[in-house]
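# Breakdown of the fold
Listed below, chain by chain, are the residues.
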Amino acid sequence: MDNNLPTSIIIFGASGDLTQRKLIPSLFNLCRKGRMPNKFRIVGYGTTEYSADAFRAHLKEGVQHFASFEFKEDEWANFAPLLFYIQGKYDAPNFEKLDAEVSRWEDGPGNRIFYMATPPSVFPSIIDLLAHTKQLAEREDWRRVVIEKPFGTDLASAKQLNQQIHKALQEDQIYRIDHYLGKETVQNILVTRFSNTILEPLWNRNYIDHVEISVAEEVGVEHRGQFYDGVGVMRDMFQNHLLQLLSLVAMEPPASFAASALRNEKVKVLSSIRPMNAEAIAKNAVRAQYKGYLREAGVNPESKTPTFAAVKVQIDNWRWQGVPFYLRSGKALKKKLSQIIIEFKKPPLMLFNSTSDNLTPNMLVLFLQPDEGIHLRFEAKVPDTISETRSVDMEFKYAESFGKTAIPEAYERLLLDTITGDASLFTRADEVETAWGLIDPILDAWKGTTQPLDTYETGSWGPAKADALLARDGRIWSMWDGGKE
Ligand code: BG6
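To start, this report covers the structure provided alongside it. As the structure is a prediction and not an experimental result, all values here were calculated from the model.

Parameters and conventions
Residues numbered from 1 in each chain as written. Predicted model: local features only at pLDDT ≥ 70, side-chain atom pairs only at ≥ 80, totals over all residues. Heavy atoms only, no water. Core = buried A, V, L, I, M, F, W, Y, C linked by side-chain atoms within 4.5 Å. Buried < 20%, exposed > 50% of the residue type's maximum accessible area, 1.4 Å probe, protein only. Helix = DSSP H or I, 4+ residues; strand = E, 2+ residues; numbered from the N terminus. Axes fitted to C-alpha atoms, helices over the stretch in contact; angles between N-to-C directions. Parallel < 35°, antiparallel > 145°, perpendicular 65-115°, else oblique. Left-handed = near helix turned anticlockwise from the far one by under 90°. Contact = heavy atoms within 4.5 Å. Pairing = 2+ DSSP bridges. Near = heavy atom within 4 Å. Polar contact = N/O pair within 3.5 Å; in protein donor to acceptor, adjacent residues only side chain to side chain. Nonpolar A, V, L, I, M, F, W, Y, C, P; charged D, E, K, R; others polar. Phe/Tyr/Trp six-rings, centres within 6.5 Å; stacked < 30°, edge-to-face > 60°.

Counting residues in each nonpolar core, the largest one holds 138 residues, and the members touching the most others are F12, I24, W76, F238, F325 and I340. The leading source of residues in this core is helix α9 (residues 232–250), at 11 residues. Grouped together as the second largest cluster of nonpolar side chains are five residues, I341, M363, F367 and W480 included.

In structure tokens:
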């Protein structure tokens, strides 16, 4: 495989939000940093009508609006001529036209990335058309396909989609995106665990009491009501982002950071999660909908779609037996905040002027967003007291250590990895299917339940039942919003 060959990045569904908000700002930034291949072009493809100039103007607006770096006209002037647009239907004659245009520019062998930024229902037919028009065959050049989430809507549909795309593609040509894996702070979970000797010896059932993974969003469903209503929080956040976070926290050290070694370990953890029957789900999974959801545009006024969920998960392996992982995520909550809290066990014996009940256990808090960083909370003696203790924090903040602009957009890393052919941060077929295997029973149980759906106030931290889930185990959510909840 030769990365010096001309490289085309072909984006299907290019007139949509994702291209304007994420893909083009990320590709532009990679270009500014000199990380793109020597010779490349970006070709948008879609049914919407655009001239090349109108397409470029639309994308420029996106960069000015959404990019986290300073916009400079001269840099854009170098990048814009590399952007093209082809208007066409999703049918064979138009795909032949696409192939002819890209081939003409390549003028010989050329690498191609096909990015599916369309609604998921169109993925299989695009891949079929690419295969039919012979655009997926690799010679000395490579062909890679990037597939956005959601990858299926349940286990059966994910399996079917995998089968369909495997007819035309080898697994190593497929890059299934979970943008959480592109986040610096998420990648840093593995670096924190496996580059530091002080943590890993404690990272197990002997020292850890429980783990909390919270991904809270302040926004509601915004303009995505219709899509979201057919999906809900389990498919939108748990099947992918939350289970990915859990697997990074819980996996064994991989033999190497090669894609296959890393993904093997992630699949092993997911496969060790204890399956739950309907009775266990009723006990360990909470669902709720924010008040006002039913009035959102595109939402069925009688919808039972949950916008919040909390689930207690048990991992049946040597490292984690008996250590609960509490996962929660929701929309329209108090604040956008994604955190992983590792709560350690309390000391076995109280020697100081505290009782074990009021002593705060040590906690390692991974702040994924915002205010990215890591805090270690431990006990210290309050000065000028005999033996009073108080919790204090040791803090690492990305912005302080690496500068405010150090954290790139998640898509930047993922696009670069696609170009260089590193699939470590993408989900493999068996990983996606194993994750669906865990989510399906919960969705089924909720579909069949006679229990009414709980609601929660917009701007709260979710329904009371989520607190009760932990209270039953003698615990509380410790999410940090500048202190205890
Ligand atoms: C997406 C979900 O995958 O992740 C959205 O579809 C959600 O509903 C988004 O808002 C959250 O991503 P982030 O990067 O803002 O935490």
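This next bit is on the packing of helix α6 (residues 155–168) against helix α14 (residues 429–448). Where α6 contacts α14, the axes come no closer than 8 Å and their chain directions differ by 165 degrees. Put simply, α6 runs roughly antiparallel to α14. As for the relative orientation of α6 and α14, their crossing is left-handed in sense. Every residue of α14 that contacts α6 at L155, A156, A158, K159, N162 and H166 is listed here: A429, V432, E433, W436, G437 and D440.

On to the sheet that holds strand β7 (residues 208–216), then. What the nine strands build is an open sheet, ordered β14-β13-β12-β11-β7-β10-β9-β8-β15; its pairing is mixed. Bordering the open sheet on either side are β14 (389–397) and β15 (454–456), each of which pairs with just one other strand. Mean inter-strand twist for the sheet, computed between neighbouring axes without regard to direction, equals 20 degrees. As paired elements, β7 and strand β10 (residues 325–330) share six bridges and run parallel to each other. When the sheet's bridge partners are listed, V211 is paired in β10 with F325.

Attention now goes to the sheet that holds strand β3 (residues 83–87). Reading across from one edge, β3-β2-β1-β4-β5-β6 is the order of the six strands in this open sheet, with parallel pairing throughout. Both edges of this open sheet fall to β3 and β6 (174–176), since each of them pairs with a single strand only. On average, adjacent strands in this sheet sit at an angle of 20 degrees to one another, irrespective of strand direction.

Let us now look at the pairing of strand β13 (residues 373–381). Looking down a regular strand, the side chains alternate between one sheet face and the other. Bridge count between strand β12 (residues 363–369) and β13: five bridges; the pairing is antiparallel. Looking at β13, one finds that L364 is bridged to L376. The hairpin formed by β12 and β13 contains three residues between the paired strands, and D371 there has a positive phi angle of roughly 55 degrees. Sheet topology note: the β13/β14 ladder contains nine bridges and is antiparallel. Bridged to K381 within β14 is T389.

We now examine the site of the ligand. Near the ligand you find K149, H179, Y180, K183, E217, R224, D236, M237, H241, K331, K336 and Q369, and these make up its full shell. At 2.6 Å, a side-chain N or O of K183 approaches an oxygen atom of the ligand. Here K336 contributes a side-chain N or O atom positioned 2.7 Å from an oxygen atom of the ligand. Here the residues of the shell around the ligand are counted per class, giving two nonpolar, three polar and seven charged.

The subject of this paragraph is the packing of aromatic side chains. Overall, the coordinates contain 26 aromatic pairs when judged by the stated rule. On the numbers, 5.4 Å between centres and 70 degrees between planes, the contact of F12 with Y45 is edge-to-face. Here F12 is found in strand β1 (residues 7–12), whereas its partner Y45 is found in strand β2 (residues 40–46), with 33 residues between them in sequence. The exposure class of Y45 is buried, given its relative accessible area of 0%.

The amide bond that connects K149 to the next residue, P150, takes the cis arrangement and shows omega of 0 degrees. On the secondary structure map, P150 appears in the loop between β5 (143–147) and α6. A cis amide bond links Q369 to the next residue, P370, at an omega of -15 degrees. Within the element layout of this structure, P370 appears in the loop between β12 and β13. Positive phi values are uncommon outside glycine, yet E222 reaches one of about 50 degrees. Locating E222 in the fold gives a position in the loop between β7 and α8 (225–229). Of note in this structure, D371 is not a glycine but carries a positive phi near 55 degrees. By the secondary structure assignment, D371 is in the loop between β12 and β13.

Shape is all these values report; function is a separate question.
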